[in-house]
Amino acid sequence: MLNTRDLEERWLRYKIKSYIPHVIITISSLVIIAIISIFLNSGDKIEKTIVVNEKKVEQEIKQKIEPAPIKQKIVQVEKVIEEEPVKEKPIVLSKSTISSNDASLKLTPSLDFMKKMQHSSLPYYQEETQQQANLYNNSTNSAQVVEEVQDLDIEESVQASTMEEAPKTVTISRRNTKDDIRHIIKRFKKNNNPALSLFIAKKYYELGEYHKAYNYALITNEIDREIDASWIIFAKSLVKLNQKEMAIKTLKKYIENSHSSSAKILLEEIVSGKFK
Amino acid sequence: MSSSIYINSKNVFLDTVNSKDYVQLDRVSTIYQSLKDSIKKPLKMILLYGKPGTGKSMFLTKLYNDLSSSQVVHIYETPILDESEFYKTLAQDIFSTKYSGELNFTQFMKIVENSELGSIPVVLLDEAQLYSDVLMEKIRLISDTRTIKFVITLHKTEKEDLIAKEHFQTRIWESIELENASSAELKIYIQKKLMKANCFDSANMFTGKSVNKIYKLTNGNYRDTNKLLYALFDIYSAYDDSQQLSSIGTTQVSNKLIEMSAIHTGLINA
């Protein structure tokens, strides 16, 4: 009788042994195929990734370049800007309603910081102040808000006027200069300081009032004959008053005494006709 | 199928040399016919050679059975290695001369010369490679007298082939080579063998695939095939006894069982 169990075990070992080379061959071939495929695909993937990256970059560029979102943003900004004056209206309404009701209330807190913020800030910040104003409106003290709104209106008008009268500021400065001269003349009369008289002469010369400049330069010379600038202003004023020869004589005499280089330069310019 | 069928099938492939079990294959039949024709020719000696298990002994037995009815034939399946004993056996069988003492070649040749035989007797010597070179040379000298015709079989290995050539190539002898069966011949061989024993179900189990498997294992060698199939049906019988055949199936021979029988017979080293 055959021992079939033993034979089966031996057969199983034999089959496992016989399959080992096949398994090794298949695994090794699969590994080789995988390596080859990876090696071959690596180039394609790099190309693909490059292409994909290029596409992404193009899309990003397009997205950046595409005007649609920018328009949206602009529209949003415009909306925000448009919304702001709309929000101001109910405050104005509240001003009229509340002010009529509580006209007797005149106690107001100091809101100077709000004014400063409104001066320096954009309308966006005005919204916040308006919201704060609304908060105040919702509270019991509504008169304060009224006053604040009035302040806002005033300041807006002030800003507008300053913007419109921008060129007039020159005239104002002139006026200020003349006022300054008057103020300095007052001071000069009090202390008889040659520096002040020289300043006045220079200012008059700058303003084109050469006669007054001549007088104050002469006054300065009488007080202090060694001030270089007073002699130069004196000579320049004479030239402007068509007293060129007088100016030349005066400068020559002064140069003989002082040897001033600036006086010499001016003399040369007057003689050559450069200074008129 | 009952286990008796597997036992019967197993017994078919018992390694016995019986002329009744001789399976007639086309190529083998042609060779056999050429051998019979050679015996009729005035040849001194006929050499039948081939690898072990190619059917030389079967051929010789078959020839003995076929010729014994028509002429004097003597077969010696087991070699008689002692020279005196060999002469004495031949003198007794062919010439009916009993010799009590030592019989040498000279004495035997005298017997041969004095003999008055009507026909030339045929002596069939199996496994002739076991005879000594001296005896083989004396056998050649006896055959040269043309009083006895010898048919000898030799195993054909590389070395033995060289010996055979050296001994016989210069003589006018017929030499017939037997070879292993092809896959197709093996299928016919197995099926004819089984059908001779009325094992038709077992014969039908051998498909082309299973026979190819057997052919790969045995390389068409008849003896190895017989051994393998004996073990195969032994395993079938054992499985049948333990009622495990349902898991294997009986429509065709299981490759697993073929391999198991090959392991059992040593054809597969596992």
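Residues numbered from 1 in each chain as written. Chains lettered and ligands numbered in written order. Predicted model: local features only at pLDDT ≥ 70, side-chain atom pairs only at ≥ 80, totals over all residues.

## Some words on the overall build of chain A
Under the convention used in this document: We count a stretch as a helix when DSSP gives it H or I for four or more residues in a row; a strand needs E for two or more, and each element gets its number in order from the N terminus. A residue is called partly exposed when the number of other C-beta atoms within 10 Å of its own lies between 12 and 20, exposed at 12 or fewer, and buried at 20 or more, with C-beta atoms placed from the backbone. It is the C-beta atoms, placed from the backbone, that decide contacts: two residues are in contact if theirs lie within 7 Å.
A tally of regular secondary structure across chain A gives eleven helices and zero strands. N-terminal to C-terminal, the α/β element order of chain A is α-α-α-α-α-α-α-α-α-α-α. Sorting the 276 residues of chain A into buried and exposed places 17% on the buried side. Restricting to contacts in chain A with at least 6 residues of sequence separation, those with at least 24 account for 50%.

## Here we look at the confidence of the model for chain A
Residues and elements named next belong to chain A. Worth spelling out the cut-off: The quantity known as pLDDT measures the predictor's confidence residue by residue, on a range of 0 to 100.
Predicted confidence across chain A gives a mean pLDDT of 71, with 52% of residues reaching 70 or more. Highest mean pLDDT in chain A belongs to helix H7 (residues 194–207) (90); lowest belongs to helix H5 (residues 143–164) (45). This stretch, residues 83–103, has a pLDDT under 50; its non-local contacts, to residues over four places away or in other chains, come to 21 contacts. Note on residues 139–173: pLDDT is under 50 here. Beyond four places in sequence and across chains, it has 30 contacts.

## Digging into the interface of chain B and chain A
Quick reminder of the rule: Only Asp, Glu, Lys and Arg are considered charged, only Ala, Val, Leu, Ile, Met, Phe, Trp, Tyr, Cys and Pro nonpolar, and every remaining residue, Gly among them, polar.
Listed by partner, the interface residues are eleven residues for chain B and nine residues for chain A. For the side of chain B that touches chain A, the secondary structure elements donating two or more residues are helix H11 (222–241) and helix H13 (255–265) of chain B. The dominant element in the side of chain B that touches chain A, judged by the number of residues it contributes, is H13(B), at five residues. Here the side of chain B that touches chain A is composed, by residue class, of seven nonpolar, one polar and three charged.

## Some thoughts on the nonpolar core
Residues and elements named next belong to chain B. Rules: The term nonpolar core refers to a set of buried Ala, Val, Leu, Ile, Met, Phe, Trp, Tyr and Cys residues connected through C-beta atoms within 7 Å.
Residues Leu-186, Leu-228, Leu-229, Leu-232, Ile-235, Tyr-236 and Leu-257 are the most contacted members of the largest nonpolar core, which totals 33 residues. With ten residues, H11 is the largest single contributor of residues to this core. In contact with Leu-228, not counting residues within four places along its chain, are Ile-214, Leu-217, Thr-218, Ser-261, Ala-262, Thr-265 and Leu-267. Among the nonpolar cores identified, the runner-up in size contains 32 residues, and Tyr-32, Tyr-49, Leu-103 and Ile-152 belong to it.

## Some remarks on the environment of Thr220(A)
Residues and elements named next belong to chain A. Summarising the element assignment, Thr-220 is placed in helix H8 (residues 210–223). On the basis of neighbour count, Thr-220 is assigned to the buried category, with 27 C-beta atoms found within 10 Å. Distance from Thr-220 to Ser-197, taken between C-alpha atoms, is 5.7 Å for residues 23 residues apart in sequence. Not counting residues within four places of it along the chain, the set of residues in contact with Thr-220 comprises Pro-194, Ser-197, Leu-198, Ala-201, Ile-227 and Ser-230.

## Notes on the packing of H7(A) against helix H9 (residues 228–240) of chain A
Between two packed helices, both the angle of their axes relative to each other and the distance between the axes serve to describe the pair. Residue and element names in this part refer to chain A. Where we set the bar: Every angle, taken between N-to-C directions, lies between 0 and 180 degrees, and every axis is a line fitted to C-alpha atoms, over only the stretch in contact when it is a helix. Roughly parallel here means an angle under 35 degrees, roughly antiparallel means over 145, roughly perpendicular means 65 to 115, and every remaining angle is called oblique. Left-handed is the label given to a crossing in which the near helix is rotated counterclockwise from the far helix by less than a right angle, and right-handed is the label when the rotation is clockwise.
Interhelical geometry of H7 versus H9 gives an angle of 30° and a closest axis separation of 10 Å. Viewed along their axes, H7 and H9 adopt a mutual orientation that is roughly parallel. Crossing hand, H7 versus H9: left-handed. Judged by residue contacts, Leu-198, Ala-201, Lys-202 and Tyr-205 of H7 engage Ala-229, Ser-230, Ile-233, Lys-236 and Ser-237 from H9. Of the residues assigned to the contact of H7 with H9, the class counts are five nonpolar, two polar and two charged.

## Structural notes on unusual backbone geometry
Notably, Asn242(A) is not glycine yet its phi reads approximately 60°, a positive angle. Looking at the element boundaries, Asn242(A) is found in the loop between H9 and helix H10 (244–258). Here Asn242(A) falls in the exposed class, since 10 other C-beta atoms lie within 10 Å of it. One non-glycine residue, Ser96(B), lies in the positive phi region at around 55°. Mapping Ser96(B) onto the fold places it in the loop between helix H4 (83–95) and helix H5 (105–114). A residue is classified by how many C-beta atoms lie within 10 Å of it, and Ser96(B), with 8 of them, is exposed.

## Overview of the sheet that holds strand E1 (residues 45–50) of chain B
Residues and elements named next belong to chain B. What counts, and what does not: Any two strands with at least two DSSP bridges between them are considered paired.
Pairing within the open sheet is parallel, and its five strands lie in the order E2-E3-E4-E1-E5. Each having just a single partner strand, strand E2 (73–76) and strand E5 (174–178) make up the two edges of the open sheet. Within the sheet, the average angular offset between the axes of one strand and its neighbour, ignoring direction, is 15°. For E1 and strand E4 (residues 149–155), the ladder comprises six bridges, and the chain directions are parallel. If you follow Met-45 over to E4, its bridge partner there is Phe-150. Lying on the sheet, helix H3 (residues 56–67) is in contact with E1, E2, strand E3 (122–125), E4 and E5; it crosses E4 at an angle near 160°.

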